[in-house]
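If you want the building blocks of each chain, they are given just below.
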Amino acid sequence: MASQLGDWIASAPSTLQKNLTILSPDQIEVAKMLLDIGQTHVFEHWPEPGIDDDEKKAFLDQVTRLNTSYPGGLVSYVQNARRLLSDSKAGKNPFDGFTPSVPSGEILTFGDDNFLMMEEAGIREARNAAFVLVAGGLGERLGYNGIKLALPSESTTGTCFLQRYIESILALQEASRRLVQGQSATQIPLVIMTSDDTHERTLKLLESNSYFGMIPSQVKLLKQEKVACLDDNDARLAVDPHNKYRIQTKPHGHGDVHSLLYSSGLLSVWHDAGLKWVLFFQDTNGLLFKAIPASLGVSSTKQYHVNSLAVPRKAKEAIGGITKLTHTDGRTMVINVEYNQLDPLLRATGSPDGDVNCETGYSPFPGNINQLILELDSYIEELKKTQGAIPEFVNPKYKDSSKTSFKSSTRLECMMQDYPKTLPPSARVGFTVMDTWLAYAPVKNNPEDAAKVCLFTLRDKGLLFRVLIP
Ligand code: UTP
C-alpha cells in the first residue's frame, strides 16, 4: 500500500495509516492534502477501522466541501489565514501609508427639486435593475432564533421585512413601467443570499406566502457556505467541540455575495437582458426603499460605478465613514473605514484633532449604511479579474498580550462593502447621503444592548439629561 500511495504515508499519523483501507481513493487524496497543509492533528483521535467508519468518511466529505467552496481550496484558505494571523499578531495596520480625505458624492435634501429629479430618474432606471438581499447572517447581537426577514418591519400591520421588500420592488416595477411608456412590462429580479442558518426558513417563508406576489422564477436563492474555524496562529483547523469528526465552521461574511453572484452565472443573464444596475441591501432596514429611487437616480445621473448609500454621521459615532484613501505610492480607493480606525488614521496623518464635526454639525465623512448600487458592466469586468474574491480579514480574540493563543476559535471573514478595494483608479466611486429618518433603521441589537447604545448616543449628542431605565 505504501509504495502505491507514495512516501507521504510513512509520515502520516498511525491512526490514519490504519484506516486507509476504509477510504476511497478520493478520500485518501483529501487526507493527504490535509497533511500537506499541516493538519495532522485532525486524525490523531481516529480509532481502529471498524469503529465510527461512517463518521470518518463523513468528516472527509465535509473537508471536500470546504475545499471546493473556497477559491483556491483549503490550501489557499490556510495560506491566507497564516498571513493574516501573522499580520494581526504583529499589530500591522492595514491602512499604513494611506491618508484619508473626504470623497465626492451627492448630499440629498428630501423633497427639494434636486431630490425629486433624482427620484424620477431612479424610477425610470428601476426597470434596468436587479436587487440582491444578503440574508445569511445569524443575528447573534439580536439574540433571535428565527430568521430576521420574518420579523415585523413595523408594529401596526406586522408586515415582515421580506414582504415589505418584495412589495416595494413590485411597486417600483409598476411605477417604472408607467413612467417609461411604450416599454414592455419587466420583472425586476430579486436574489436572496442565504446560509445554512437561514436557507430553509427563508424558502418556507416565500413558499407559504406565494412569494408575496412575485413570480417564483423572479426570485433566486443563493446559499453561502461557511468556512473552517482556526485554533491558533498556525491556522490549525478547529475540531468541532460537539463532534470530533467535524471541522468547526462559521460564516465567512456578506462579502461572499460577490463570488456567489459571479459563479451563479446570473450576472451574464442580467447583462444579456439589458440590465444596468445591481442593488445590494440587508435583511432589516424597513426604511430603505424610501431612499432607493433617488439614490438610483444619483447613480445614473453621475454614472457611478459604485454608489454607497450613507447618512449624516456625528464625528466618532459608531458607524463606518465613507473615506477616500490615498497611498504614498499613488494608489487611491473610496471605501468604508470603521469609526475606530478613522479617528486614529486622521490623527496619524496630519489632522491632530482626528474625526471632528464640520460647519454642518456632522463629520465630513458620511456614515456608511452598507447598501450599495453597482453599475453592472463594470461589476462584471471587475469580477472577471477577481472571481468575486473580496480582501479578507481576521479578528482573533487573544487570551493575553503575548497573542499566542485565542479565547475561542477564529476564521477569515470578508465584507460586501470592501468590493471597491481592488478597483482601478479610473472607477467612479461615490456616495449618496440621505436623512437617517428617511433611509436607515436597521434591527441589530437585543433590547438591553440597544438601550445602552441609545444612552451612549444621547450622551454623545449632548441630549442626555436624565434617563431612567427600569
Ligand atoms: P449584520 O452585520 O447584521 O450581521 O449583517 P449578522 O450576522 O446578521 O448579525 P450579528 O453580527 O450576528 O449580530 C449585515 C447583513 O449581512 C447579512 C445579514 O443577514 C445582514 O443582512 N450577512 C451577514 C450575510 O448574508 N452573511 C453573513 O455571513 C453575515
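Now for a description of the structure that goes with this document. (Residues numbered from 1 in each chain as written. Predicted model: local features only at pLDDT ≥ 70, side-chain atom pairs only at ≥ 80, totals over all residues. Heavy atoms only, no water.)

1. What about the pattern of salt bridges?
Then step 1. Applying the stated rule across the entire model yields 23 salt bridges.
Then step 2. Ionic pairing is found between Lys56 and Asp53, a salt bridge with its closest N-O pair at 3.2 Å. One end of the pair, Lys56, and the other, Asp53, are both in helix 5 (residues 53–68), 3 residues apart, so they sit about a helical turn from each other. You'll find Lys56 and Asp53 in the same group, each marked buried.
Then step 3. As a salt-bridge pair, Lys421 and Asp418 come within 3.7 Å of each other at their nearest N and O atoms.
Then step 4. Using a relative accessible area of 4% as the deciding quantity, one classes Asp418 as buried.
Then step 5. When salt bridges with common partners are traced through the structure, they connect Glu174, Arg177 and Arg178 into a single cluster. (Salt bridge = Lys/Arg side-chain N within 4 Å of Asp/Glu carboxyl O. Helix = DSSP H or I, 4+ residues; strand = E, 2+ residues; numbered from the N terminus. Buried < 20%, exposed > 50% of the residue type's maximum accessible area, 1.4 Å probe, protein only.)

2. Description of the site of the ligand
Then step 1. Residues in close proximity to the ligand total 17 residues, the closest being Val134, Glu140, Lys148, Gln224 and Asp283.
Then step 2. Contact distances for the ligand include 2.7 Å between an oxygen atom and a backbone N or O atom of Arg141.
Then step 3. The separation between an oxygen atom of the ligand and a polar main-chain atom of Gly253 is 3.2 Å.
Then step 4. When isolated, the ligand has an accessible area of 560 Å², and the protein chains bury 86% of it. (Near = heavy atom within 4 Å. Polar contact = N/O pair within 3.5 Å; in protein donor to acceptor, adjacent residues only side chain to side chain. Areas by Shrake-Rupley, 256 points an atom, 1.4 Å probe, with all protein chains shown as cover.)

3. Some remarks on the packing of helix 7 (residues 113–126) against helix 12 (residues 288–302)
Then step 1. As a packed pair, helix 7 and helix 12 sit with axes 6 Å apart at the nearest point and diverge in direction by 85°. Taken as axis vectors, helix 7 and helix 12 run roughly perpendicular relative to one another. Here Phe115, Met118, Glu119, Ala121, Gly122, Ile123, Glu125 and Ala126 of helix 7 come into contact with helix 12, specifically with Lys290, Pro293, Ala294, Leu296, Gly297, Val298, Ser300 and Thr301.
Then step 2. Grouping the constituent residues of the contact of helix 7 with helix 12 by class yields 9 nonpolar, 4 polar and 3 charged. (Axes fitted to C-alpha atoms, helices over the stretch in contact; angles between N-to-C directions. Parallel < 35°, antiparallel > 145°, perpendicular 65-115°, else oblique. Contact = heavy atoms within 4.5 Å. Nonpolar A, V, L, I, M, F, W, Y, C, P; charged D, E, K, R; others polar.)

4. Side note on the pairing of strand 4 (residues 190–194)
Then step 1. Burial analysis of strand 4 places 5 of its 5 residues in the buried class, which makes it a mostly covered element.
Then step 2. The alternating pattern of strand 4 places Leu190, Ile192 and Thr194 and Val191 and Met193 on opposite faces, both of which are buried.
Then step 3. For strand 3 (residues 129–134) and strand 4, the ladder comprises 4 bridges, and the chain directions are parallel. Within strand 4, the residue paired with Val134 across the bridge is Met193.
Then step 4. Relative to strand 5 (residues 219–223), strand 4 runs parallel, the two being bridged by 5 bridges. Paired with Leu190 across the strands is Val219, a residue of strand 5.
Then step 5. The parallel pair strand 4 and strand 5 is bridged by helix 9 (residues 199–207), and the resulting crossover is right-handed. (Pairing = 2+ DSSP bridges. Right-handed = clockwise from strand over helix to strand, strands pointing away.)

5. Notes on the nonpolar core
Then step 1. Judged by nonpolar contacts, the single largest core of 48 residues is most densely connected at Phe131, Leu133, Leu149, Leu162, Leu190, Ile192 and Phe281.
Then step 2. In terms of residues, this core owes the most to one element, helix 12, which gives 7 residues.
Then step 3. Setting aside residues no more than four positions away along its own chain, Phe281 makes contact with Phe131, Val132, Leu133, Val134, Tyr165, Ile169, Leu190, Leu288, Phe289 and Gln371.
Then step 4. Core analysis: the second largest hydrophobic core is formed by 39 residues, Leu16, Ile37, Val227 and Leu230 among them. (Core = buried A, V, L, I, M, F, W, Y, C linked by side-chain atoms within 4.5 Å.)

6. Regarding unusual backbone geometry
Then step 1. The backbone of Tyr211 sits at a positive phi, close to 55°, despite the residue not being glycine.
Then step 2. Of note, Tyr211 is situated in the loop between helix 9 and strand 5.
Then step 3. Under the relative-accessibility criterion, Tyr211 is labelled buried at 13%.

7. Quick notes on helix 6 (residues 73–89)
Then step 1. Taking 1.5 Å per residue, 17 residues should reach 24 Å; helix 6 reaches 24 Å between its end C-alpha atoms and fits that length.
Then step 2. Residues of helix 6 that are buried include every one of Gly73, Leu74, Ser76, Tyr77, Val78, Asn80, Ala81, Leu84, Leu85 and Ser88, and no others.
Then step 3. Turning to helix 6, the residues buried within the fold contact helix 4 (25–36), helix 5, strand 6 (227–228), strand 13 (392–394) and strand 14 (412–414).
Then step 4. Residue Gly91 follows helix 6 closely and has a positive phi angle near 70°. (Expected span 1.5 Å × (residues − 1).)

8. Digging into the packing of helix 8 (residues 161–179) against helix 12
Then step 1. It is the contact of helix 8 with helix 12, at a shortest axis distance of 10 Å, that shows an interaxial angle of 30°. Considering the angle they form, helix 8 stands roughly parallel to helix 12. Every pair of crossing elements has a handedness; the one defined by helix 8 and helix 12 is right-handed. Judged by residue contacts, Tyr165, Ser168, Ile169 and Leu172 of helix 8 engage Phe289, Ile292 and Pro293 from helix 12.
Then step 2. Each residue belonging to the contact of helix 8 with helix 12 can be placed in one class, and the counts come to 6 nonpolar, 1 polar and no charged. (Left-handed = near helix turned anticlockwise from the far one by under 90°.)

9. Brief notes about the pairing of strand 8 (residues 277–282)
Then step 1. The buried fraction of strand 8 is high, at 6 of 6 residues.
Then step 2. Burial along strand 8 is two-sided: the face carrying Trp277, Leu279 and Phe281 and the face carrying Val278, Phe280 and Gln282 are both buried.
Then step 3. Looking at chain direction, strand 3 and strand 8 are connected through 6 bridges and run parallel. Note on strand 8: the bridge partner recorded for Val134 is Gln282.

10. Comments concerning the packing of aromatic side chains
Then step 1. Going through the model one piece at a time under the given rule, you end up with 15 aromatic pairs.
Then step 2. On the numbers, 6.2 Å between centres and 85° between planes, the contact of Phe43 with Phe59 is edge-to-face. Taken together, the positions of Phe43 in the loop between helix 4 and helix 5 and Phe59 in helix 5 put the pair 16 residues apart, joining distant regions of the chain.
Then step 3. The class for Phe59 is buried, based on a relative accessible area of 2%.
Then step 4. Ring pairing ties together the aromatic residues Phe131, Phe161, Tyr165, Phe281 and Phe289, which thus form one cluster.
Then step 5. A cation sits over an aromatic face here: Lys314 above Tyr362, 4.7 Å from the ring centre. (Phe/Tyr/Trp six-rings, centres within 6.5 Å; stacked < 30°, edge-to-face > 60°. Lys NZ or Arg CZ within 6 Å of the ring centre and 35° of its normal.)

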